[in-house]
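# Topology and contacts: notes
So you can see what is in the structure, the chains are spelled out below.
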Amino acid sequence: MQIIYVNATNLPDIGISAPEAAIALGYFDGVHLGHQKVIQTAKEQADAKDLALAVLSFFPHPKSVLFPDQEVTYLEPLEQKAEKLERLGVDMFYIVEFTKELAKVEADDFLDAYLLGLNAKEIICGFDYTYGAKAKGTVETLGEYAEANQVGLTVVEELKWNEQKISSTLIRNHLAERKLNELPKLLGNFHQTKYCQKNGLLPNYSLPNVGTYKVRIDTRNSTIECAATVKCKKTIQLHYDESALPKLLSIHWIDQLHAVTS
């Protein structure tokens, strides 16, 4: 999979060589089952019409640019998101630099530059996707634009679990409420973070709320199950011989524990 960083300056050059593509639109934080449904739909369109499969997203999160005084919590960094997208069969991951200038671009101008400009032949998005200045662009205006420009559009309907929309917000709520055992029903797998024993949680990951949990640690040669206590947003205590573990840990969060023996 190609990872392509896009901004207003390099966009014209990237567009010159961009292959015809089915492009899935969204922020895709966590790449949960709702996101996966959008990407799978895009893959079906790409395969049926002999197009490349692309995902177009943003970084940093628009809220961190528009509201710099508010802390934005990411479920995972770009690197882990990219790994998940590649496993889903994505050919190109376009990461658009979100800036205050981009936030002012009108809806149709955004589509001209970043969809037609990147050779989109099919557009795929969720039912609640918005775009352009002040989020004035909706799936309805996107439909009008696609028809006028002879581009295909597929809108993916809401995916629910327990009568709730599967969303990044719902996943964050589960982490806050320590409902880790339910996350595979939203993510398709357990929540995963990377943790350095020396420096703490790697940037742009989210830990569960303070508490003690059953975890699975993947090492090069084995999988270890143990307990971990979250001390704060960045620090955990492993109930295991830490000297026997690598310095950089890949941790899967399984379930809350109500008692643990150190």
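Small disclaimer: the values here were computed from a predicted structure and weren't measured. (Residues numbered from 1 in each chain as written. Predicted model: local features only at pLDDT ≥ 70, side-chain atom pairs only at ≥ 80, totals over all residues. Heavy atoms only, no water.)

### Some thoughts on the nonpolar core
Counting residues in hydrophobic clusters, the biggest one holds 37 residues, and the most contacted among them are Leu56, Tyr94 and Phe110. When near neighbours in sequence (up to four residues on either side) are disregarded, Leu56 contacts Ile23, Ala24, Leu25, Gly26, Phe28, Tyr94, Val96, Phe110, Tyr114 and Leu118. Leu75, Leu207, Cys226 and Leu249 belong to the second largest nonpolar core, which has 27 residues in total. (Core = buried A, V, L, I, M, F, W, Y, C linked by side-chain atoms within 4.5 Å. Buried < 20%, exposed > 50% of the residue type's maximum accessible area, 1.4 Å probe, protein only. Contact = heavy atoms within 4.5 Å.)

### Here's the deal with the packing of aromatic side chains
Tallying each qualifying case throughout the model produces 7 aromatic pairs. For the ring pair Phe58 and Phe110, a centre distance of 6.1 Å and an interplane angle of 35 degrees mean the geometry is tilted. A residue pair is termed long-range when its members are at least 10 positions apart, and Phe58 in strand 3 (residues 52–59) and Phe110 in helix 6 (residues 107–114) qualify at 52 residues. Between Tyr213 and Trp253, the ring centres sit 5.7 Å apart and the planes meet at 85 degrees, which makes this aromatic pair edge-to-face. Of this pair, Tyr213 sits in strand 11 (residues 211–218) while Trp253 is found in strand 14 (residues 248–257), placing the two residues 40 residues apart along the sequence. Grouping aromatic residues by their ring pairs yields a cluster made of Phe58, Phe98, Phe110, Tyr114, Tyr129 and Tyr131. The cationic tip of Lys81 hangs over the ring face of Tyr27; the distance from NZ or CZ to the ring centre is 4.0 Å. (Phe/Tyr/Trp six-rings, centres within 6.5 Å; stacked < 30°, edge-to-face > 60°. Helix = DSSP H or I, 4+ residues; strand = E, 2+ residues; numbered from the N terminus. Lys NZ or Arg CZ within 6 Å of the ring centre and 35° of its normal.)

### What about the side chain of Gln45?
Note on placement: Gln45 falls in helix 2 (residues 33–49). Looking at Gln45, the relative accessible area reads 18%, which means it is buried. Setting aside chain neighbours within four positions, we find Gln45 in contact with Ala22, Glu122, Ile124 and Thr154.

### Here's the deal with helix 2
Because the α-helix completes a turn every 3.6 residues, residues three or four places apart line up on one side. Its 17 residues place the ends of helix 2 24 Å apart at the C-alpha level, agreeing with the 24 Å of an ideal helix rising 1.5 Å per residue. Taken residue by residue, helix 2 has Gly34, His35, Val38, Ile39, Thr41, Ala42, Gln45 and Ala46 as its buried positions. One side of helix 2 carries all its buried residues, which in axial view fall inside an arc of 155 degrees. Exposed and facing more than 90 degrees away from the buried side of helix 2 are Asp47 and Ala48. Buried residues along helix 2 sit in contact with strand 2 (21–25), strand 3, helix 4 (78–87), strand 5 (120–126), strand 6 (152–156) and helix 8 (168–176). The first or second residue beyond helix 2 is Asp50, which carries a positive phi of 55 degrees. (Expected span 1.5 Å × (residues − 1). Arc of directions from axis to C-beta.)

### Considerations on the environment of Lys43
Mapping Lys43 onto the fold places it in helix 2. For Lys43, a relative accessible area of 26% translates into the label partly exposed. As for Lys43 and Met1, which are separated by 42 residues in sequence, their C-alpha atoms are 14 Å apart. For Lys43, the residues in contact, after removing those within four places along its chain, are Leu53 and Leu88.

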